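# Remarks on the overall topology
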2 protein chains.
Amino acid sequence: MSIQKLEKQVIIKNDHFIEQAEQLKPKLFETDVEPISIVEVKRDTNIIHGWKTEFVAPASSLAKYEYGKNDSFILDFGNHQVGYFSFHIRPTGSPPDAPLKLKLTFGEMPVEMAEPFENYEGWLSSSWLQEETIFVDVLPATIRLPRRYSFRYVKFEVIDTSKKYLVAFENIQLKTVTSANINDVQTISHQDAELQKIDEVSIKTFTDCMQDVFEDGPKRDRRLWLGDLRLQALANYETFKTNDLVKRCLYLFAGVPDERGMVPANVFVAPKLIADDTYLFDYSLFFTAALHDYYLSSKDYETLVELWPTAYRQVELALQRLDEHHIVKDAANWWSFIDWQEGLNKQTPSQAVLIYTMKQAIRLAEVLRVPEKNSLEVRLEEIVEAAKTYLWDEEQKFFISGPERQVSWASQIWMVLAGVLNKEENKQLMKRLLEEKPVVAIATPYMYHHLVEALIVSGEKERAIAEMKSYWGRMILDGADTFWELYDPENKDFSPYGSYLINSYCHAWSCTPTYLIRKYDL
Amino acid sequence: MSIQKLEKQVIIKNDHFIEQAEQLKPKLFETDVEPISIVEVKRDTNIIHGWKTEFVAPASSLAKYEYGKNDSFILDFGNHQVGYFSFHIRPTGSPPDAPLKLKLTFGEMPVEMAEPFENYEGWLSSSWLQEETIFVDVLPATIRLPRRYSFRYVKFEVIDTSKKYLVAFENIQLKTVTSANINDVQTISHQDAELQKIDEVSIKTFTDCMQDVFEDGPKRDRRLWLGDLRLQALANYETFKTNDLVKRCLYLFAGVPDERGMVPANVFVAPKLIADDTYLFDYSLFFTAALHDYYLSSKDYETLVELWPTAYRQVELALQRLDEHHIVKDAANWWSFIDWQEGLNKQTPSQAVLIYTMKQAIRLAEVLRVPEKNSLEVRLEEIVEAAKTYLWDEEQKFFISGPERQVSWASQIWMVLAGVLNKEENKQLMKRLLEEKPVVAIATPYMYHHLVEALIVSGEKERAIAEMKSYWGRMILDGADTFWELYDPENKDFSPYGSYLINSYCHAWSCTPTYLIRKYDL
């Protein structure tokens, strides 16, 4: 798995934009939550990852148990949580004559309670696996762990006390944090219970990712990616309507372009705003898309005026990537995300993303009455024409991508969303896609979102609902409290990182069903 | 290895005494210390534990190295230190996109840097082994570890960063703490360089154990034991003369006797004053001895008056342990410490400790002009007589102990210190002891102290010096920066706890050579 790493990254900071973003920093809502039950994990090959939890006792009974060397227990908070963990330790027996050594493991899924993190050998940093080993010199003690965790389960392992004392645990508490005001969202009462449940889990997912920026995952990466932001913002307009947080995130990206004016694929906000040295063709364009969606929802003309140059610049830079036939140049050292699908060629879906975004840019240019509108329209026509000429395989009746003429789901889906063909052609293309099922399929909920939306815009609402249920509905059946970063119903152990332990099980880009259900009245 | 654990412990708190102790809480002196060098550990079977360190680079060059996953290095502070550790972490490369997972291991000895703590299987709690695994979410960061460590070496192991960044370490600092004011001690210039060095290492040991109480070991147990206190106080009168700290410790013990009035063998001072549920025949008597020594040194009559009842009570309780022949009753479930020597019978050395203490109690009673003096004198005569009658083996010309008539070093040494025989007989006994070398020998510097002092009081100063050199001098040759809790020149891997990893390598009861050298003008 290759990653981007720039030797030399030049950032042209825009202090005014950064200051705007700072002003919009949201306050976090805190809620005290307690565990529900003590559980144990059991092997069960019928369950995802092979592990299920079983009820042992109510969590309220915990304080009466005493634990010594090598004893352990698991607490279940009953739902996914993001927050700060604290508990009280009471020694029993003789006065404690040695420190307590205690290990805590936090997990979003039962497998994280069952399989030792020591065995993890994926290529993403093992430091994402949520655990702490602490030494407590003085007992009794109230422990407040300083880090934020994302979890449903927490395992306590008493590594050592001494021969003279045991410990009991009391007042296990979590202070959850989110910038989402749950009172701001209108609940729906869907007549379809499954869609109702999918909507609820979407909102929970979205809530837990909504921190002082829109995070991609509260367990792993915990940062602001443009691709996730675009989808979170769409979900936001249909639910919390916290438009200021979207605005903040847009200003963060606009605050740290590189010397060409390109916005990074993601930014860090601590210890200060830092642009990651990852630049993605599609993600940079999504700045324009996200500004478009923000303006449509907020009608915030002032922000549109201020951020338009940044948005337009992303399109300009993308256009520089076109070859003489107006086709996005493919290359080994070129970066566009599209999906985690193994072997996916990014050329054609990227061309589609460009078309999709240019249409939005033209709409914004229209609002702004700026002259760029005309040149964009001229280029758009060329590019759409080129796509039809060079990327459409009339024989297969599929869009093809790259030198190997790859037929992927991503290419068809994005070309439909880009509106390159007419509605009837789109409908036929989507039908063909679902029937013929090309091998280069879909790896993430992120791409699944685009599949469902492509079905909707091509008039296939029922198929869209069916696909949503067979994916997000099945995820719920497989135990999702919040929607997962990655889910392949045919290969439930799938991870692009080398281990499902490191997957994020609450991930922003999976929260879009609430948008799709509410926006399109599914 | 059995330990004391009381089902029911009744403490009769004396709030006035506890308040007195609180008032005497010393201020700690802080000094900033930096590491000297980067070292590595190498196998060398000629070295104690089989490990030596080798210089790699000056510590000042550390900041220029960059470390990634699985990289590690060891810093050497050049001498034993006790304090609070801090350092700065600077990321290099791309912006850090994952937490840093870092393991720190602190060691007093090279072996602690070389042998993994995971392999420790001793019976004392593994929680004493000094290590931390920390996750740093935001970089750069200045880390200030909240716990106090006792060490010379610290190993940094970068468990994981990510593929995108490395880390460099800067501003490695230790804030050492001690209540010893090093300016208060008069340095000596001994013509014998070996004794000079032994004196210096003693004082360093004593300094590092001198915290807000006299701790036994700053790495392991970190608490106030009566047996250690008595020896630390003796060292103190010849060096720092911080008599108020001795006074504080006496009041702490006097503050928490049990329902019979017995003081515990040790106390904890955090989160508040707590008497351990360990009671030892000899250690309780050492309260009386320690008060005796304190009064002789300080002439603090007020404290003597206030604490005399507690001191006298310890003798009374010890006397209750005598059988009809005035001999300390031996039993399997009876506790007297004396030494860690495997299989040592405690009866005769305990009888000697009683005699030793009674003589001190009589001296105090004389100062106080209290009537207990007479009864103590009567009892003392009976007990000394009984010792000669029942515990002296005329044939072997050794004191014997227990039903098996065990001839141990401890019995002879303590009987000499108790002055049961006359000076010439003592001299002969000590001579015989060193010549015949009974199997039940000496396991600790604590008992070695008593051997040397017994040689001195029986007029064998040269032998005393020779023994001191062959023990403490050899410890220095074996690499002691501070004197160790345990040292057997014939079996350098010795530990009564099942592993030398858990031994304390800076231990108060080993600091007495400075007392012996200075007090007896060796």
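Just so it is clear, the structure is predicted and the values come from calculations on it, not from any experiment.

### With respect to the overall build of chain A
Assigned secondary structure in chain A consists of 14 helices and 13 strands. For 522 residues, the compact-globule formula gives about 24 Å, and the C-alpha radius of gyration of chain A, at 25 Å, lands near that figure. Over its C-alpha atoms, taken along the principal directions, chain A stretches across nearly 85 × 50 × 45 Å. Burial statistics for chain A: of 522 residues in total, 63% are counted as buried. Taking contacts inside chain A between residues at least 6 apart in sequence as the whole, the part at least 24 apart equals 75%.

### What about the packing of helix 8 (residues 347-368) of chain B against helix 10 (residues 409-418) of chain B?
All names here are of chain B. Their axes nearest at 8 Å, the elements helix 8 and helix 10 cross at an angle of 15°. Our classification of the angle between helix 8 and helix 10 gives roughly parallel. Considering how the two elements wind past one another, helix 8 and helix 10 form a crossing that is left-handed. Contact residues: Thr 348, Pro 349, Gln 351, Ala 352, Val 353, Ile 355, Tyr 356 and Lys 359 in helix 8; Ala 410, Ser 411, Trp 414, Met 415, Leu 417 and Ala 418 in helix 10. Counted by class, the contact of helix 8 with helix 10 contains 10 nonpolar, 3 polar and 1 charged residues.

### Examining the nonpolar core
The biggest cluster of nonpolar side chains holds 145 residues, and the ones touching the most others in it are Tyr283(A), Ile413(A) and Leu451(A). Per element, the largest residue contribution to this core is 11 residues, and it comes from helix 8 (residues 347-368) of chain A. Apart from residues no more than four positions distant in its own chain, Leu451(A) is found in contact with Trp409(A), Ile413(A), Met430(A), Leu433(A), Leu434(A), Ile442(A) and Glu467(A). Residues Val111(B), Ala235(B), Ala265(B) and Leu291(B) belong to the second largest nonpolar core, which totals 144 residues.

### Description of helix 9 (residues 372-390) of chain A
The terminal C-alpha atoms of helix 9 of chain A lie 26 Å apart, and with 19 residues this matches the ideal 27 Å at 1.5 Å per residue to within 8%. Of the surrounding secondary structure, the elements contacted by the buried residues of helix 9 of chain A are helix 7 (301-319), helix 8, strand 12 (392-393), strand 13 (398-399) and helix 10 (409-417) of chain A.

### Regarding the packing of aromatic side chains
Residues and elements named next belong to chain B. Inspection of every chain in the model, using the stated rule, returns 80 aromatic pairs over all chains. When the ring of Phe 85 is compared with that of Phe 106, the centres are 5.2 Å apart and the planes differ by 85°; the resulting orientation is edge-to-face. Taken as a pair, Phe 85 in strand 4 (residues 72-93) and Phe 106 in strand 5 (residues 100-107) lie far apart in primary sequence, 21 residues in all. On the basis of relative accessible area, Phe 106 is assigned to the buried category, the value being 0%.

### Section: the pairing of strand 2 (residues 37-43) of chain A
Residues and elements named next belong to chain A. As defined by bridge partners, strand 2 adjoins strand 4 (residues 72-93) across 3 bridges and the pair is classed as antiparallel. Considered in strand 4, the bridge of Ile 38 is made with Leu 75. Sheet topology note: the strand 2/strand 3 (residues 51-58) ladder contains 7 bridges and is antiparallel. If you follow Arg 43 over to strand 3, its bridge partner there is Trp 51.

### Looking at the relation of the copies chain A and chain B
Between chain A and chain B, the superposition needs a rotation of 180° and an axial shift of 0.0 Å, giving an RMSD of 0.0 Å. The transformation relating the two chain copies, once decomposed into turn and shift, fits a two-fold axis. Among all C-alpha atoms of chain A, that of Thr133(A) lies closest to the rotation axis, at 3.3 Å. Take the interface residues of chain A: 100% of them recur as interface residues in chain B, which is what a same-surface contact looks like.

### Regarding the interface of chain A and chain B
The interface is formed by 42 residues belonging to chain A together with 42 residues belonging to chain B. Looking at the side of chain A facing chain B, the largest losses of area belong to Phe135(A), Lys163(A) and Lys164(A), adding up to 18% of the total buried there. Along the contact surface separating chain A from chain B lie 12 salt bridges. Our count for the contact surface shared by chain A and chain B stands at 24 residue pairs in polar contact (both at pLDDT 80 or more). Looking at the side of chain A that touches chain B, the elements with two or more residues in it are strand 5 (100-107), strand 6 (131-136), strand 7 (141-160) and strand 11 (274-275) of chain A. Of the residues in the side of chain A that touches chain B, the class split is 19 nonpolar, 9 polar and 14 charged.

### Considerations on the pairing of strand 5 of chain B
With 8 of its 8 residues buried, strand 5 of chain B lies for the most part within the structure. By the alternation rule, side chains of strand 5 of chain B split into Leu100(B), Leu102(B), Leu104(B) and Phe106(B) and Lys101(B), Lys103(B), Thr105(B) and Gly107(B), which are all buried.

### Observations regarding the pattern of salt bridges
Taken as a whole and assessed by the stated rule, the structure comprises 78 salt bridges over all chains. Note that Arg313(A) and Glu316(A) form a salt bridge whose closest N and O atoms lie 3.0 Å from each other. Of this pair, Arg313(A) and Glu316(A) both sit in helix 7, 3 residues apart, roughly one helical turn. We classify Arg313(A) as partly exposed; its relative accessible area is 24%. Taking the shortest distance from any N to any O, the salt bridge between Glu394(B) and Lys397(B) comes out at 2.3 Å.

### Brief notes about the side chain of Arg220(A)
All names here are of chain A. Here Arg 220 is to be found in the loop between helix 3 (193-209) and strand 9 (224-225). Reaching out from Arg 220, the side chain makes a polar contact with the side chain of Glu 485 at a distance of 2.7 Å. Side-chain polar atoms of Arg 220 contact the backbone oxygen of Ile 502, separated by 3.0 Å. If we ignore the near neighbours within four places in the chain, the residues touching Arg 220 are Leu 124, Trp 128, Glu 485, Tyr 497, Ile 502, Asn 503, Ser 504 and His 507.

### Concerning the confidence of the model for chain A
Across chain A, the average pLDDT comes to 97, with 100% of residues at 70 or higher. Predicted complex metrics record ipTM = 0.97 and pTM = 0.97.

### Quick word on a nonpolar patch on the surface
Judged by side-chain polarity, Tyr301(B), Val305(B) and Val367(B) come together as a nonpolar surface patch covering roughly 230 Å² of accessible area. Relative to the assigned elements, Val367(B) resides in helix 8.

### Quick word on the sheet that holds strand 10 (residues 266-268) of chain B
Residue and element names in this part refer to chain B. Reading across the sheet, the 3 strands line up as 9-10-11 and stay open at both edges, with antiparallel pairing between neighbours. If you trace the sheet from one side to the other, it starts and ends with strand 9 (224-225) and strand 11 (274-275), each paired once. Two elements, strand 9 and strand 10, share 2 bridges in a ladder whose sense is antiparallel. Bridge pairing links Leu 224 to Val 267 in strand 10.

### Quick notes on the packing of helix 6 (residues 281-298) of chain A against helix 7 of chain A
Helix-helix packing: each pair is described by the crossing angle between the helix axes and the interaxial distance. Residue and element names in this part refer to chain A. The interhelical angle for the contact between helix 6 and helix 7, taken along N-to-C directions, is 155°, at an axis separation of 9 Å. Judged by the inter-axis angle, helix 6 sits roughly antiparallel to helix 7. The way helix 6 lies across helix 7 gives a crossing that is left-handed. Of the residues in helix 7, those touching helix 6 at Phe 281, Ser 284, Leu 285, Phe 287, Thr 288, Leu 291, Tyr 294 and Tyr 295 are Tyr 301, Thr 303, Leu 304, Leu 307, Trp 308, Thr 310, Ala 311, Gln 314, Val 315 and Ala 318. Split into classes, the residues belonging to the contact of helix 6 with helix 7 amount to 13 nonpolar, 5 polar and no charged.

### Some remarks on the environment of Val305(A)
Mapped onto the elements of the fold, Val305(A) is located in helix 7. Sequence separation of Val305(A) and Val367(A) is 62 residues, and the distance between their C-alpha atoms is 9.8 Å.

### A word on helix 8 of chain B
Residues lying three or four places apart along an α-helix face the same way, a consequence of the helix completing one turn every 3.6 residues. Residue and element names in this part refer to chain B. The end-to-end C-alpha distance of helix 8, which contains 22 residues, comes to 31 Å, matching closely the 32 Å that a straight helix rising 1.5 Å per residue would cover. Helix 8 sits mainly inside the fold: 18 of its 22 residues count as buried. Positive phi shows up at Arg 369, right after helix 8, with a value of about 55°.

### What about the sheet that holds strand 9 of chain A?
Residue and element names in this part refer to chain A. As summarised here, the arrangement of the 3 strands in space is 9-10-11, forming an open sheet in which the pairing is antiparallel. Both edges of this open sheet fall to strand 9 and strand 11, since each of them pairs with a single strand only. With 2 bridges joining them, strand 10 (residues 266-268) and strand 11 adopt antiparallel strand pairing. What sits directly across from Phe 268, in strand 11, is Ile 274.

### Re the state of the cysteines
Residues and elements named next belong to chain B. Evaluated as defined, the whole model comprises 0 disulfides over all chains. With no disulfide of its own, Cys 511 has Cys 209 as its nearest cysteine by sulfur position, at a separation of 6.8 Å. Exposure remark for Cys 511: the relative accessible area of 0% places this residue in the buried category.

### Some details on the side chain of Asn345(B)
All names here are of chain B. Following the sequence through the fold, Asn 345 ends up in the loop between helix 7 (301-319) and helix 8. Exposure remark for Asn 345: the relative accessible area of 13% places this residue in the buried category. Residues in contact with Asn 345, not counting those within four places in the same chain, are Asp 330, Ser 401, Gly 402, Pro 403 and Gln 406.

Rules of the game
Note that residues are indexed from 1 along each chain, following the sequence as it is written. All chains are assigned letters beginning at A, and all ligands numbers beginning at 1, according to the order in which they are written. Since the coordinates come from a predicted model, pLDDT governs what is reported: local features require at least 70, and pairs of side-chain atoms require 80 or more to be given and counted, while whole-chain, interface and lining totals use all residues. Excluding hydrogens and water, the side-chain figures rest on all heavy atoms present in the structure. Per the convention used, a helix needs a DSSP run of H or I reaching at least four residues, while a strand needs a run of E reaching at least two, with both numbered from the N terminus. The globule rule is 2.2 Å times the number of residues to the power 0.38, and the radius of gyration it is compared with is taken over C-alpha atoms. Using a 1.4 Å probe on the protein chains alone, a residue whose accessible area is under 20% of its type maximum counts as buried, one over 50% counts as exposed, and one in between counts as partly exposed. Should any heavy atoms of two residues lie within 4.5 Å, those residues are counted as being in contact. Axis definition: a line fitted to C-alpha atoms, over the contacting stretch in the case of helices. Angles run 0 to 180 degrees between N-to-C directions. In what follows, roughly perpendicular refers to angles from 65 to 115 degrees, roughly parallel to angles under 35, roughly antiparallel to angles over 145, and oblique to any angle outside these ranges. For any pair of crossing helices, the crossing counts as left-handed if the nearer helix is rotated counterclockwise from the farther one by less than a right angle, and right-handed if it is rotated clockwise. When residues are sorted by character, Ala, Val, Leu, Ile, Met, Phe, Trp, Tyr, Cys and Pro go into the nonpolar class, Asp, Glu, Lys and Arg into the charged class, and all the rest, Gly among them, into the polar class. Remark: nonpolar core denotes a set of buried residues (Ala, Val, Leu, Ile, Met, Phe, Trp, Tyr, Cys) joined through side-chain atoms within 4.5 Å. Here a helix's expected span is defined as the number of its residues, less one, multiplied by 1.5 Å. Side-chain rings of Phe, Tyr and Trp, where Trp is taken by its six-membered ring, are said to pair if the distance between their centres is within 6.5 Å; with planes under 30 degrees apart they count as stacked, over 60 as edge-to-face, and otherwise as tilted. For two strands to be treated as a pair, DSSP must find no fewer than two bridges joining them. Superposing the copies works by least squares over the C-alpha atoms of residues that have pLDDT at least 70 in both of them. The term buried area means the drop in 1.4 Å probe accessible area that two parts suffer when joined, counted for both and summed. Salt bridge, as used here, is a side-chain nitrogen of Lys or Arg placed within 4 Å of a carboxyl oxygen of Asp or Glu. Pairs of N or O atoms within 3.5 Å make up the polar contacts considered here, provided that, within protein, one atom can donate a hydrogen while the other can accept it, and that residues adjacent in sequence are counted only when both atoms are side-chain atoms. Each residue carries a pLDDT score, the predictor's confidence in it, ranging from 0 to 100. A residue counts toward a patch only above 30% relative accessible area and without a salt bridge, and it is joined to like-charged neighbours within 9 Å or, for Val, Leu, Ile, Met, Phe, Trp and Tyr, to nonpolar neighbours within 5 Å. Here the accessible surface of atoms and residues is derived via Shrake-Rupley with a 1.4 Å probe, and residues count as covered only by protein chains that are part of the display. The disulfide criterion used throughout: a pair of cysteine sulfur atoms within 2.5 Å.

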